[in-house]
Amino acid sequence: AKQKGRAGFALFSEDLTHQATERIQLGNRLRRAVELDELRVVYQPQVDFATGKIIGAEALMRWESPDMGSIVPTRFIPLAEEIGCIVPMGEWILRQTCQQGRAWLDAGLPPLSLSVNLSAHQFHQADICQVVADILHETGFPAEQLELEVTESALMQPGNQTIELLHGLRKLGVRLALDDFGTGYSSLAYLKHFPLHMLKIDKSFVDDIPHSDKDMRLVSTIIFMARSMEFKVLAEGVERQEQLDVLKGLGCDLYQGFFTSIPVPADEFIALLK
Ligand code: C2E
Ligand code: CA
Ligand code: CA
Ligand code: CA
């Protein structure tokens with residue numbers, strides 16, 4: 001769009017139209033990704049500070065299109081939310097992960113905690129508790145090994161029964177984690193009413209510790225606050241030893257990050273346990 005005047009404007013709007021068309025096309029492809037078996041699950045280890053051992057993993061979605069290659073989640077997840085297909089996709093990864101978890105138990109592996117992300121749309125489906133209950137029943141994966149991650153924005157949607165939903169899920173025996181903690185708007189007043197098990201400190205707060213005094217204070221406050229509310233606390237996006245040392249000293253319970261491993265396919269994850 002380098003031409004000037006009216007022609008420039010025309011080119012610019014053509015660009016926009018082109019982008020919109022591309023988005024619609026990508027969306028149509030995404031709608032069929034589940035049935036065409038183009039989605040994959042990768043697992044990122046979660047490590048216990050106390051023992052230094054991997055206690056489980058977060059399951060993350062990957063989209064491998066035969067002709068477009070791999071499309072990153074930051075591109076396709078928001079699109080899936082927008083066009084509504086995040087609900088079947090979210091159910092797909094939940095089922096896959098529970099099946100995998102059951103298979104690992106049957107293979108004699110120790111019980112692992114597996115975390116699955118619930119999008120706001122999925123969380124606010126009328127029957128989310130039933131969906132989760134059915135998948136647990138169908139796969140035979142023990143509820144206490146499943147953790148569901150919700151974001152602050154999912155919990156902050158007005159005019160719904162968020163707390164009842166959380167209690168409903170808890171009654172199934174699953175654990176609940178608040179994802180990307182600190183990036184949303186949850187107030188302490190709300191937080192104390194939510195029956196959560198864990199806060200996941202967003203990577204953006206972890207990136208510059210121990211060098212940023214501000215982030216050091218923020219992270220230590222979050223950990224202190226989480227512990228005083230009896231939530232477990234996990235630090236996301238740990239890449240360096242110095243971050244680990246500091247987090248451990250602050251009393252953080254768990255961490256995940258490239259320091260241990262990027263998210264990897266199931267067999268590679270199992271190899272990391274040894
Ligand atoms: P998230 O739930 O916060 O997941 C953590 C993201 O941080 C993952 O990106 C992971 O690869 C990345 N990460 C972990 N440790 C490090 C690190 O040390 N350094 C860096 N640079 N990155 C790290 P990923 O897999 O690309 O996913 C991005 C986001 O897409 C997720 O953020 C989540 O919001 C969404 N997403 C992915 N899979 C699913 C899914 O199955 N369902 C839903 N609803 N959302 C998903
Ligand atoms: Ca997550
Ligand atoms: Ca996160
Ligand atoms: Ca994130």
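Chains are numbered independently. Their residues run from 1 in the order of the written sequence. Starting at A for chains and at 1 for ligands, labels are handed out in the order in which the entities are written. Given that the model is predicted, a residue must reach a pLDDT of at least 70 before its local features are reported, and side-chain atom pairs must reach 80 or more before they are shown or counted; all residues, however, enter totals for whole chains, interfaces and linings. Side-chain figures throughout are based on the complete set of non-hydrogen atoms in the structure, without hydrogens or water.

1. Observations regarding the coordination of the calcium ion (ligand 3)
Where a metal carries four tetrahedral donors, each ideal angle is 109.5 degrees; where it carries six octahedral donors, the ideal angles are 90 or 180 degrees.
Phase 1: For Na, K and Ca the donor cut-off is 3.2 Å, while for other metals it is 2.8 Å, and in both cases only N, O and S atoms qualify; water is not among them, so sites may look incomplete. Every protein donor of the calcium ion (ligand 3) is listed here as Asp179 (OD), Asp180 (OD), Glu236 (OE) and Glu236 (OE), and their distances to the metal cover 2.3 to 2.5 Å.
Phase 2: Binding-site remark: the calcium ion (ligand 3) is held by donors from one chain whose sequence spacing is D-D-x55-E.
Phase 3: The metal-metal distance between the calcium ion (ligand 3) and the calcium ion (ligand 2) is 3.8 Å, with Asp179 coordinating both. A residue pair is termed long-range when its members are at least 10 positions apart, and Asp180 in strand E6 (residues 175–181) and Glu236 in the loop between strand E8 (232–235) and helix H11 (241–249) qualify at 56 residues.
Phase 4: Under the scheme applied here, a residue whose accessible area is under 20% of the maximum for its type counts as buried, over 50% as exposed, and between as partly exposed, the area being computed with a 1.4 Å probe on protein chains only. Looking at Asp180, the relative accessible area reads 26%, which means it is partly exposed. Counting from the N terminus, the helices are DSSP H or I runs at least four residues long and the strands are E runs at least two residues long.

2. A short note on the packing of helix H3 (residues 86–106) against helix H5 (residues 128–139)
When two helices pack together, their arrangement is given by the angle between the helix axes and by the axis-to-axis distance.
Phase 1: Helix axes use the C-alpha atoms of the stretch in contact, all axes being lines fitted to C-alpha atoms, and the angles between their N-to-C directions lie in the range 0 to 180 degrees. Direction vectors running N to C along H3 and H5 enclose 30 degrees, while the axes themselves pass 9 Å from each other. Classified by the angle between their axes, H3 and H5 sit roughly parallel to one another. The way H3 lies across H5 gives a crossing that is right-handed. Between H3 and H5, the residues in contact are Glu91, Leu94, Arg95, Cys98, Gln99 and Arg102 and Val131, Val132, Ile135, Leu136, Glu138 and Thr139, respectively.
Phase 2: Its residues assigned to classes, the contact of H3 with H5 comprises 6 nonpolar, 2 polar and 4 charged. Our angle categories are set so that under 35 degrees counts as roughly parallel, over 145 as roughly antiparallel, 65 to 115 as roughly perpendicular, and the remainder as oblique. Helix crossings get a hand from a simple test, with the near helix turned counterclockwise from the far one by less than a right angle marking a left-handed crossing and a clockwise turn marking a right-handed one. The criterion used for residue contact is that any of the two residues' heavy atoms lie within 4.5 Å. Under the scheme applied, nonpolar residues are Ala, Val, Leu, Ile, Met, Phe, Trp, Tyr, Cys and Pro; charged residues are Asp, Glu, Lys and Arg; polar residues are all the others, including Gly.

3. Here's the deal with the site of ligand 1
Phase 1: Contacts to ligand 1 come from 20 residues, most closely from Gln44, Arg62, Asp179, Glu239 and Phe258.
Phase 2: In protein, a polar contact requires one atom able to donate a hydrogen and another able to accept it; more generally it is a pair of N or O atoms within 3.5 Å, and residues adjacent in sequence count only if both atoms are side-chain atoms. Gln44 places a polar side-chain atom, nitrogen or oxygen, 3.1 Å from a nitrogen atom of ligand 1.
Phase 3: At a separation of 3.2 Å, an oxygen atom of ligand 1 approaches a polar side-chain atom of Asp180.
Phase 4: Here, Shrake-Rupley sampling with a 1.4 Å probe gives the accessible areas, and only protein chains in the shown set may cover a residue. Protein burial of ligand 1: of its 800 Å² of free accessible surface, 80% is covered by the chains.
Phase 5: Secondary structure elements with two or more residues in the shell around ligand 1: strand E2 (54–65), helix H2 (73–83) and E6.
Phase 6: The leading source of residues in the shell around ligand 1 is E2, at 4 residues.
Phase 7: Within the shell around ligand 1, the residues separate by chemical class into 8 nonpolar, 5 polar and 7 charged. Here, proximity means that at least one heavy atom of the residue falls within 4 Å of the molecule or strand.

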